Amino acid sequence: MRLLLVADAYPPSRISGALQMCDLANALAQQGHRPSVLVPTTDAGAWVRLEEGGGVQVLRIRALRTKDVPLAWRAIAEILLPFVLLRGL
């Protein structure tokens, strides 16, 4: 079964949510599923970047920063995030 996991963090981010999402995707891949992870990134570079490893596809889409920013900036970035991710698909 193909699955799409949407997350706000994924490795190389070192926060616990990113590591848990990675573990979930890997466990699903080991069970025979084909998981894809959709995650925003603030890295400069391509607008959309597709990575694959261990049976998991990771689609990184460049978006506004939501971590360690002023509250007003984060609110704007969080509101725009679903639209940015849909555009990247």
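Position labels on residues start from 1 in each chain and follow its written sequence. Local features in this predicted model are restricted to residues of pLDDT 70 or higher, and side-chain atom pairs are both shown and tallied only at a pLDDT of 80 or more, whereas totals for entire chains, interfaces and linings draw on every residue. With hydrogens and water set aside, each side-chain value is computed from the structure's full complement of heavy atoms.

Looking at the element boundaries, Thr 66 is found in the loop between strand E4 (56–62) and helix H2 (71–88). Excluding its chain neighbours within four sequence positions, the residues that come into contact with Thr 66 are Arg 74, Ala 77 and Glu 78. Each helix is a run of H or I in the DSSP string that is no shorter than four residues. Each strand is a run of E no shorter than two, and both are numbered from the N terminus. Contact criterion: two residues are considered in contact whenever any of their non-hydrogen atoms come within 4.5 Å of each other.

If you walk across this open sheet you meet the 4 strands as E1-E2-E4-E3, and the pairing is mixed. Edge positions in the open sheet fall to strand E1 (2–6) and strand E3 (48–53), since each of these has one partner strand only. When the angles between neighbouring strand axes are averaged without regard to direction, this sheet yields 20°. Any two strands are treated as partners once DSSP identifies two or more bridges connecting them. Note that E3 and E4 share 6 bridges and pair antiparallel. Bridged to Glu 52 within E4 is Gln 57. With axes taken as lines fitted to C-alpha atoms, and helix axes fitted only over the stretch in contact, angles between N-to-C directions fall between 0 and 180 degrees. Against the sheet, helix H1 (residues 16–30) engages E1, strand E2 (34–41) and E4, with an angle of about 180° to E1. Packed onto the sheet, H2 meets E1, E2, E3 and E4 and runs at close to 120° relative to E4.

We now examine H2. Here a helix's expected span is defined as the number of its residues, less one, multiplied by 1.5 Å. Its 18 residues give H2 an end-to-end C-alpha distance of 25 Å, which sits within 8% of 26 Å, the value for a rise of 1.5 Å per residue. Within H2, burial applies to Ala 77, Leu 81, Val 84, Leu 85 and Gly 88. Contacts from the buried residues of H2 go to E1, E2, E3 and E4. Relative accessible area decides the class of each residue, using a 1.4 Å probe on protein chains only: under 20% of the type maximum gives buried, over 50% gives exposed, and in between gives partly exposed.

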